[in-house]
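Examination of the molecular architecture
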Protein chains: 2
Amino acid sequence: MTYRVEFVERTGIERLTSARGLARYRMPLAGNENHVGVMYMGAFTVLAEATAAIPGISILDTARFYPIIKDISVVFHKMSKTDVFAEFQLDEPALDGLLADLERKGSAGYLAEFPMLDAGGVTVATGKVTVKLLSHGWTKA
Amino acid sequence: MTYRVEFVERTGIERLTSARGLARYRMPLAGNENHVGVMYMGAFTVLAEATAAIPGISILDTARFYPIIKDISVVFHKMSKTDVFAEFQLDEPALDGLLADLERKGSAGYLAEFPMLDAGGVTVATGKVTVKLLSHGWTKA
């Protein structure tokens, strides 16, 4: 179930739960500061992608399917001088729909939109990510 | 004129020109691969940010002004199995306008939109970044 991406590991991002359909992550400020000492943009995009993708990945038979990102957008509201937290969940009907789409047409997708919060609970950015789930070697029946 | 951001340096991004108002960058694939061996999303966002911001930064008196990113979006068209290249330019009237805004109201901004190309010249993604230029300790006159 786990994909290793060096780029992501270099940020020190921490997954805070392993529940099915649920992503909850912490991005550390340390090592991810920008030129003015607050959280760097790129750390937000990594946090947004992980938070968006993991609920879908959590149900994937990774021998058959894999995730990709179709688009990502982050809007910044405030600078963050602390670690940043994000959470996104797909409920059971949504998960069932994704699995059904994968079986039926070899692909599925969803839009994840969620706030990213500093340690004080203030929304510092908003993430919006389109996640696609695709099949290894899919051929139409 | 140069801001150092560790996160950016870890990607190995290379600036290909130092002309005023012009950004031209190369993001290496090596070290920036994702779980399926192509360029990772986060490397695109770093490339997009640098390409968008540098034309504005190139004219900044950094003792007085600094850049921030207001929002960033990357749309993916194809996976890239090579290094990725991007270019964005602000012309002289645009640069003059930014400097005038900074003097008049302490802030300025622009939208950068540009393709990101693989080594074969194929557009693999589109970047769209809103850059703001702000003043250190600005107070209205």
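Please refer to the structure higher up on the page.
Here's what I pulled together on the structure shown here.

Calculation criteria
- Residues numbered from 1 in each chain as written.
- Chains lettered and ligands numbered in written order.
- Predicted model: local features only at pLDDT ≥ 70, side-chain atom pairs only at ≥ 80, totals over all residues.
- Heavy atoms only, no water.
- Least-squares fit on C-alpha atoms with pLDDT ≥ 70 in both.
- Contact = heavy atoms within 4.5 Å.
- Salt bridge = Lys/Arg side-chain N within 4 Å of Asp/Glu carboxyl O.
- Helix = DSSP H or I, 4+ residues; strand = E, 2+ residues; numbered from the N terminus.
- Buried < 20%, exposed > 50% of the residue type's maximum accessible area, 1.4 Å probe, protein only.
- Axes fitted to C-alpha atoms, helices over the stretch in contact; angles between N-to-C directions.
- Parallel < 35°, antiparallel > 145°, perpendicular 65-115°, else oblique.
- Left-handed = near helix turned anticlockwise from the far one by under 90°.
- Nonpolar A, V, L, I, M, F, W, Y, C, P; charged D, E, K, R; others polar.

Turning our eyes to something else, we now look at the relation of the copies chain A and chain B. Two chain copies here: they are related by a rotation about an axis and a translation along the same axis. Laying chain A over chain B is done by rotating through 180° and shifting 0.0 Å along the axis; what remains is an RMSD of 0.0 Å. What the rotation and shift describe, once combined, is the action of a two-fold rotation axis. When C-alpha positions in chain A are compared against the rotation axis, the closest is assigned to Ser73 of chain A, at 2.0 Å. In this assembly the copies share their binding face: 100% of the residues contributing to the interface of chain A also contribute to that of chain B.

Attention now moves to the pattern of salt bridges. Applying the stated criterion across every chain yields a total of 16 salt bridges over all chains. Taking the shortest distance from any N to any O, the salt bridge between Glu103 of chain B and Arg64 of chain B comes out at 2.9 Å. In this pair, Glu103 of chain B is assigned in helix α3 (residues 92–105) and Arg64 of chain B in the loop between α2 (41–57) and β3 (65–76), connecting sequence segments 39 residues apart. Classification of Arg64 of chain B as partly exposed rests on a relative accessible area of 36%. The network of salt bridges with common partners includes Glu14, Arg26 and Asp83 of chain A.

Turning to the packing of helix α2 (residues 41–57) of chain A against α2 of chain B, a few remarks are in order. One can describe the packing of α2 of chain A onto α2 of chain B by two numbers: an axis separation of 9 Å at closest approach and a directional angle of 150°. Taken together, the axis directions place α2 of chain A and α2 of chain B in an arrangement best described as roughly antiparallel. With respect to the hand of their crossing, α2 of chain A and α2 of chain B are arranged in right-handed fashion. Residues Met41, Gly42, Thr45, Val46 and Glu49 of chain A of α2 of chain A lie in contact with α2 of chain B, whose contacting residues are Met41, Gly42, Thr45, Val46 and Glu49 of chain B. Along the lines of polarity and charge, the residues of the contact of α2 of chain A with α2 of chain B split into four nonpolar, four polar and two charged.

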